Structures are given as structure tokens and as C-alpha cells.
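# Descriptive analysis of the structure
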Amino acid sequence: MGLETNQTVSELQSNLLTGIVLAVQANFYQVQLDSAETDSAVQDSAVPGAEAAPSLLCTRRSRLKKVGQTVMVGDRVVVEEPDWAGNRGAIAHVFPRQSEMDRPAIANINHLLLVFALADPPLEPLQLSRFLVKAESTGLDVTLCLNKRDLLSAEDQAYWCDRLNAWGYEPVLVSVQQEEGMEAVYRALHNRMTLVSGPSGVGKSSLLNGLLPALDLRVGDLSGKLRHGRHTTRHVELFELPSGGFLADSPGFNQPDLACAPGDLAHYFPEARQRMQHGSCQFNDCLHHEEPDCAVRGDWERYGDYLLFLDEAIAHQTVLDRSPDAETTTKRKSGSDGQQADEPKLSPQKYRRTSRRSQKQALQDLLDESELD
Ligand SMILES: Nc1nc2c(ncn2[C@@H]2O[C@H](COP(=O)(O)OP(=O)(O)O)[C@@H](O)[C@H]2O)c(=O)[nH]1
Ligand SMILES: [Mg+2]
Ligand SMILES: [Zn+2]
């Protein structure tokens, strides 16, 4: 009794089971516990064959539901009532998020790895520009990785490097297949929470498979397990890197929408940012189009892309201005969709008293099943 009340805050904290949400399906959360604190807990419970950092299939405490606290992939959480034998637990607390994304729904990402192919499919500058602007709009660090360099001559590789340098980027050229240039990718990923993004067919799944040998993701959109066509990575899931850090594969999307405020757009082009640093426009609200005395308008390569995206941003803004509710129907903010996520889609009884391996399998089956439609 006396001992308990004399516990310091840090002692209490060190008794908390904390972890990270790797995957979410229906109202189940796969939580990987932080290894340092689970070592002793697992040893205490003397579970034969228990690994150093087990992952538990968790539910969300009803207290969290009541206050509308959602749980997302990437969330750092406190787990209570661990059932080591059944690998179950309950999420009792969600730590404040460092970042939060809507599509895909993921928390605490601090780095984007944008992957494009130099060839097969051919590198489309406008598409790359669109992805880069979308990436810049998140405010996160961006690493641009150009894959399949094995398909290009040294001259053609140098051409793309020079061209992208002029855009303000230093791309990392790799061949995932030939395992060339990968050291720079490892360095960029080390100890970060990275979301991998890019169009389909550029080698994202191949890259993740290379980084996480135990993974065996579908390559070429064919299921490794089910051999079922038309599979795309739709559910976001986090994977721990052996060397430290986490990676998430994002659902493939080919044409990210540029739903930003027109006045923000120029800030998402490094070339325009540089021009704004060195000079200033006559008008504070200059959109760098036809205004007099503009420091940004000029003959830089992507100025045409800027004008094209500006039209899109203005069109988006016009829609928003006309209907004040448009934002809420197109954007699913966390907190408001909490109820939706609570809809029980599967009976929890299904998962009782099963081994960790079969629970992991069950979650994977869920993920796979819901990708079949
Ligand atoms: N030549 C070449 N092909 C690659 C390379 N990396 C991946 N591929 C191929 O590109 C195709 C698409 O790869 P995948 O990983 O499924 O791309 P994802 O759609 O972005 O996930 C597959 O046929 C891969 O074998 C590479 O470095 N060089
Ligand atoms: Mg893929
Ligand atoms: Zn201007």
C-alpha cells in the first residue's frame, strides 16, 4: 500500500504499456508494443516463445469512444489489460499527434518518400510536378526517389538529375531490382516515420519488399497469396524498419487533387519560393499570373505547371465559396468519423483464444478480403 502511493510519476509511466498502431481494420487495432518495456512484462508472464516486441490485437476503450477520440494507424497509444496468452489488449489512451493525414488516414508521419520511375512507365514531368506539389503542401520533409535507373543510360540519368536540380530537388536515383543506390534511401529513412507515395507501377512494393524482407507485398499488383488480379494497396499499414524507423505504403493514386488555397500554391514550388525570397511582388496577394511587378512570373520550366495548378486551385476555391458544406463532405476529418469506425463489422468472438500467429493471419485476411471488391 505504502509502496504504491510512493511511486513516482516516472515509475508509473514506466509501468505503462505503450506502443504504436500498425494497422486498423473495423474496430480492431494492431498495436506493436515498444520493446524496452515489454521485455520484462513478457518475461514476467513467462509465455513460452514470446518475442521481444509483441503486437497485440486491441479494441478501443469505450471511454475513448465517448469522447470521440479516434485511433489511427501511426498513433502512439497506451495499452491496458494485456492478455499475453491471447495477444489481446485495450487501447486506453492516444498520445497527441505530431501530424495527421486524411488520405491515407495516418498519424505522426514526418517524412514523405516520393517514388517515381525513370522509365516503364516513362517519367511524366507534369505528373511528377503534381505529386511534388501535393507532397510539399503537407509541410513534411520530402525525398524524391527515381527508380529503375537500370533502364536508362548514364547520359539520360544525368539529364533527369540536372532537370530536377533546376526544379529545386536532389533526386536519389536507384534500381530496386539491381539493388543500386539504395544506401541513400536507407539514410533518408533512418529513424523516421515515412509514408511512401507515388503512382502505380514505379516499384513501391518492390522497394518495401527490399527494405522489409519478411514482408512479401504484392508486386505488379498481383497478390502473392491469392493470385487475385486487380489488387491495389488500399489499406494503409505501418512496418518497422530493422534499422530503426517505420514505413507506410500508401494506397496508390495517380492524380492527386491540388485542393490548396490559390495563394498558397507558389510556396509549394521551390523555384517560386526562391524568387519570392530574392524579390517581392507589388501586391501582397499576388497570384503571380498577370499582375504587374511580379517577382515570381518568369521563364522557369515549371511556371506553366504553376498556372495550370493555379486554375485548379481557383476552381476548387470557387466550389468551396459557393457551398460552405463542401469541405465537410469531401474531407473526412478524424473525430467526426469516430462513430463510423465503431460500427461492428465482425464479431470479436471470432478472435478469442487464438495464437498470435493466427491472429496476425486473421488481421491480414481481413485486410486482404476487403481488397477483393
Ligand atoms: N527494370 C526495373 N523494374 C523494376 C524495378 N523495380 C521494380 N520493377 C518492376 O516494376 C513493376 C512494378 O513494381 P511494383 O513494386 O509492383 O510497383 P508499385 O505499383 O509502385 O508497387 C514490377 O514488374 C517490378 O518487377 C527496377 O529497379 N528496375
Ligand atoms: Mg504496389
Ligand atoms: Zn507575383
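Attention in this report is confined to the structure presented alongside it. (Residues numbered from 1 in each chain as written. Chains lettered and ligands numbered in written order. Predicted model: local features only at pLDDT ≥ 70, side-chain atom pairs only at ≥ 80, totals over all residues. Heavy atoms only, no water.)

## Thoughts on the overall build of the protein
Regarding its fold elements, the protein presents 13 helices and 13 strands. When burial is assessed residue by residue, the protein has 45% of its 373 residues classed as buried. When contacts within the protein are restricted to residue pairs at least 6 apart in sequence, those whose partners lie at least 24 apart make up 68%. Carbon and sulfur atoms form 50% of the exposed surface of the protein, whose accessible area is close to 19700 Å². (Helix = DSSP H or I, 4+ residues; strand = E, 2+ residues; numbered from the N terminus. Buried < 20%, exposed > 50% of the residue type's maximum accessible area, 1.4 Å probe, protein only. Contact = heavy atoms within 4.5 Å. Areas by Shrake-Rupley, 256 points an atom, 1.4 Å probe, with all protein chains shown as cover.)

## Focus on helix α9 (residues 270-278)
What α9 keeps buried is the set Pro270, Glu271 and Ala272. Check the buried side of α9 and you find it contacts α5 (125-137) and α6 (154-167).

## What to know about the side chain of Lys148
For Lys148, the position within the fold is in the loop between β9 (141-147) and α6. The side chain of Lys148 sits in the buried core without any salt bridge; Asp120 is the nearest counter-charge, 4.4 Å away. Only 2.8 Å separates the side chain of Lys148 from the backbone oxygen of Gly201, close enough to count as a polar contact. When near neighbours in sequence (up to four residues on either side) are disregarded, Lys148 contacts Ala117, Leu118, Ala119, Asp120, Pro121, Val174, Ser175, Gly201 and Val202. (Lys, Arg positive; Asp, Glu negative; His and termini not counted. Salt bridge = Lys/Arg side-chain N within 4 Å of Asp/Glu carboxyl O. Polar contact = N/O pair within 3.5 Å; in protein donor to acceptor, adjacent residues only side chain to side chain.)

## Re the pattern of salt bridges
Inspection of the entire model under this criterion finds 11 salt bridges. Across the salt bridge formed by Arg76 and Asp34, the nearest N and O atoms sit 2.6 Å from each other. Linking Arg76 in strand β4 (residues 76-83) with Asp34 in the loop between β2 (28-33) and α3 (35-45), this pair joins segments that are 42 residues apart in sequence. For Glu271, the salt bridge goes to Arg302, with nearest N and O atoms at 2.7 Å. Taken as a pair, Glu271 in helix α9 and Arg302 in the loop between α9 and α10 (303-322) lie far apart in primary sequence, 31 residues in all. Across the pair, Arg302 and Glu271 agree in class, each one buried. Look at the salt bridges and you will find they share partners, linking Arg61, Glu80 and Glu81 into a network.

## Observations concerning the packing of aromatic side chains
Considering all chains together, one arrives at 7 aromatic pairs under this definition. Between Phe269 and Phe309, the aromatic rings sit 6.2 Å apart at their centres with planes inclined by 35°, giving tilted as the arrangement. Of this pair, Phe269 sits in the loop between β13 (246-249) and α9 while Phe309 sits in helix α10, and the two are 40 residues apart along the sequence. Taken individually, Phe269 and Phe309 each receive the classification buried, so the pair is uniform in this respect. (Phe/Tyr/Trp six-rings, centres within 6.5 Å; stacked < 30°, edge-to-face > 60°.)

## Quick notes on the pairing of strand β12 (residues 237-240)
Of the strand pairs in this sheet, β12 and β13 are connected by 4 bridges, and their pairing is antiparallel. Residue pairing for β13: Leu238 is matched across the bridge by Ala248. Counted between consecutive antiparallel strands, the loop separating β12 from β13 contains 5 residues, among which Gly244 sits at a positive phi close to 105°. (Pairing = 2+ DSSP bridges.)

## Observations concerning the sheet that holds β12
Across the sheet, 6 strands lie side by side as β10-β9-β8-β11-β13-β12; this open sheet has mixed pairing. Each edge of the open sheet is held by one strand with a lone partner, namely β10 (172-173) and β12. Helix α7 (residues 182-189) contacts β8 (111-117), β9, β10, β11 (193-197) and β13 of the sheet and is inclined by roughly 155° relative to β8. (Axes fitted to C-alpha atoms, helices over the stretch in contact; angles between N-to-C directions.)

## As for the nonpolar core
The biggest cluster of nonpolar side chains holds 20 residues, and the ones touching the most others in it are Leu113, Val185, Leu207 and Leu247. Put simply, the parts of the chain that give this core at least two residues each are β8, α7 and α8 (204-211). Apart from residues no more than four positions distant in its own chain, Leu247 is found in contact with Leu189, Thr194, Val196, Leu208, Leu211, Leu212, Glu237, Leu238, Phe239 and Leu241. In terms of nonpolar packing, the next biggest core, distinct from the first, is built from 18 residues, Ala266, Ala272, Cys286 and Phe309 among them. (Core = buried A, V, L, I, M, F, W, Y, C linked by side-chain atoms within 4.5 Å.)

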